[in-house]
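Breakdown of the fold
Here is what each chain is made of, one letter per residue.
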Amino acid sequence: MKTRIGFFDFTGCEGCQLTVLNLEQELLELLELVEIVAFREVMSEPSGALDIAFVEGSICRREDRERLRSIRRRSAVLVALGACADNGGVNALGSDRGPELLRQQVYASDLAQLQTDPPQPLSAVVPVDYRVPGCPIDGPEFLAILQALLLKRQPALPDFAVCVECKLAEYPCRFDHGEICLGPVTRAGCRAICIDGGDRCRGCRGLIESPRTTPYHRILEEHGLSVDDILDQYRTFNLGEAKP
Ligand code: SF4
Ligand code: SF4
Ligand code: SF4
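Okay, so let's go over this structure.

Calculation rules
Residues numbered from 1 in each chain as written. Chains lettered and ligands numbered in written order. Predicted model: local features only at pLDDT ≥ 70, side-chain atom pairs only at ≥ 80, totals over all residues. Heavy atoms only, no water. Helix = DSSP H or I, 4+ residues; strand = E, 2+ residues; numbered from the N terminus. Buried < 20%, exposed > 50% of the residue type's maximum accessible area, 1.4 Å probe, protein only. Contact = heavy atoms within 4.5 Å. Areas by Shrake-Rupley, 256 points an atom, 1.4 Å probe, with all protein chains shown as cover. Near = heavy atom within 4 Å. Nonpolar A, V, L, I, M, F, W, Y, C, P; charged D, E, K, R; others polar. Patch = residues over 30% accessible without salt bridge, like charges linked within 9 Å, V, L, I, M, F, W, Y side chains within 5 Å. Salt bridge = Lys/Arg side-chain N within 4 Å of Asp/Glu carboxyl O. Lys, Arg positive; Asp, Glu negative; His and termini not counted. Charge placed at Lys NZ, Arg CZ, Asp CG, Glu CD. Expected span 1.5 Å × (residues − 1). Polar contact = N/O pair within 3.5 Å; in protein donor to acceptor, adjacent residues only side chain to side chain. Pairing = 2+ DSSP bridges. Phe/Tyr/Trp six-rings, centres within 6.5 Å; stacked < 30°, edge-to-face > 60°. Lys NZ or Arg CZ within 6 Å of the ring centre and 35° of its normal. Core = buried A, V, L, I, M, F, W, Y, C linked by side-chain atoms within 4.5 Å. Axes fitted to C-alpha atoms, helices over the stretch in contact; angles between N-to-C directions.

**Quick look at the overall build of the protein**
- Check the secondary structure of the protein and you find eleven helices and five strands.
- Once the C-alpha set of the protein is aligned to its principal axes, its extents read approximately 55 × 45 × 30 Å.
- In the protein, buried positions account for 45% of the 244 residues.
- Restricting the contact set of the protein to residue pairs at least 6 apart, pairs at least 24 apart contribute 74%.
- As displayed, the protein offers around 12,400 Å² of accessible surface, 52% of which is attributable to carbon and sulfur atoms.

**Some details on the site of ligand 3**
- All residues adjacent to ligand 3 are Thr186, Cys190, Ile193, Cys194, Cys201, Arg202, Gly203, Cys204 and Arg205.
- Considered class by class, the residues forming the shell around ligand 3 number five nonpolar, two polar and two charged.

**Some words on a negative patch on the surface**
- On the surface, Glu24, Glu26, Glu29 and Glu32 cluster together into a negatively charged patch.
- Relative accessible area serves as the criterion here: at 45%, Glu29 is assigned to the partly exposed category.

**Some remarks on helix H6 (residues 139-150)**
- Between its first and last C-alpha atoms H6 spans 17 Å; for twelve residues at 1.5 Å apiece the expected length is 16 Å, and the two agree.
- Restricting attention to buried positions, one finds in H6 the residues Gly139, Glu141, Phe142, Leu143, Ile145, Leu146, Ala148 and Leu149.
- Looking at the packing, one finds that the buried side of H6 touches strand S1 (3-9), helix H1 (15-21), helix H2 (25-30), strand S3 (50-56), strand S4 (75-81) and strand S5 (130-132).
- You can read the cap of H6 off the contacts: a side-chain oxygen lies 3.0 Å from the backbone nitrogen of Glu141, and it is on Asp138.
- Just past H6, the residue Lys152 takes up positive phi, approximately 60 degrees.

**As for the site of ligand 2**
- Close to ligand 2 lie Cys163, Cys166, Cys173, Arg174, Phe175, Cys181, Gly183, Pro184 and Ile195, which account for all nearby residues.
- Of the residues in the shell around ligand 2, the class split is seven nonpolar, one polar and one charged.

**Examining the pairing of S1**
- Most of S1 sits inside the fold, with five of its seven residues counted as buried.
- The pairing of S1 with strand S2 (residues 34-39) spans five bridges and is parallel. Looking across to S2, one finds that Phe7 is bridged to Phe39.

**Observations regarding the packing of aromatic side chains**
- For the structure on display, the rule yields four aromatic pairs.
- Measuring from ring centre to ring centre gives 6.0 Å for Phe7 and Phe142, while their planes differ by 45 degrees; the resulting arrangement is tilted. Here Phe7, found in strand S1, pairs with Phe142, found in helix H6; they are 135 residues apart in sequence, far enough to count as distant.
- Since its relative accessible area comes to 2%, Phe7 is described here as buried.
- These aromatic residues form a ring-pair network of at least three members: Phe7, Phe39, Phe54 and Phe142.
- Here the basic side chain of Arg67 rests over the ring of Phe10, its NZ or CZ set 4.4 Å away from the ring centre.

**Looking at the nonpolar core**
- By size, the foremost hydrophobic cluster in this structure holds 22 residues, and its most contacted members are Ile5, Phe7, Ile52, Phe54, Leu81 and Phe142.
- Of all elements in the fold, only S1, H1, H2, S2, S3, S4 and H6 reach the threshold of two or more residues within this core.
- Among the elements that line this core, the one with the most residues is H6, at five residues.
- With 19 residues, the next largest nonpolar core counts Val162, Cys190, Ile219 and Ile230 among its residues.

**A closer look at the sheet that holds S3**
- The five strands lie next to each other as S2-S1-S3-S4-S5, forming an open sheet whose pairing is parallel. Two strands in the sheet have a free side with no partner beyond their single neighbour: S2 and S5. Across the sheet, the mean angle from the axis of one strand to that of its neighbour is 25 degrees, orientation sign disregarded.
- Contacts from helix H3 (residues 62-73) reach S1, S3 and S4 within the one sheet, and its direction differs from that of S4 by about 130 degrees.
- Running at roughly 155 degrees to S3, H6 makes contact with S1, S2, S3, S4 and S5 of the sheet.

Here you go:
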């Protein structure tokens, strides 16, 4: 019998689900191994038991919590898909100003009928078994994590910094261009794609386990910065996690 998997979304831009859909050929091959029983991008949400639920987006409304608990109850394994689900992502930026001010700033009017509770990661509501980091997720990493789950193996994420991938690729360092880059404290796995594209790392894949013990303190010291300066920049994607 095929493994039954489902994709569910809460508050987010659906970019992580689109990354899965963009896998195209790999996705078609995947369908020989699994049965996709829920995927709002292509089908309506059914009921019934699931082997693996991939859940995108953060939890921003009261009814979201009950829907997420229902998905958790019928799923053997639940995976947070992307930064919004994993740690609140960019949605968590709204947490520090309150729903009234947020509605005023976004809609220029306090539309009280719009429910906007402080955005939370999935783990604030239900136990989360595994996570696929990033905004958006990395397609090959998603496939590797799914493959591990299908083989009943423990999926593993890189526990070293983006700087390692960046230096191996010999990209020019953004600090040398007067920018603050979050590569020294951010989990690798994206192949330093933003630095390759001429930007800096903005920390979308979350914090590595021991940012204060990395050998990259020297980079910060050379540029007159501390880890706390970097954590301040880190709020863009990780306010729910960093709690500065
Ligand atoms: S993590 Fe990024 S790409 Fe994924 S749903 Fe959230 S905002 Fe969109
Ligand atoms: S600080 Fe940024 S640009 Fe510099 S090596 Fe690290 S990841 Fe690359
Ligand atoms: S370089 Fe940084 S911001 Fe860009 S995808 Fe990688 S972790 Fe995310």
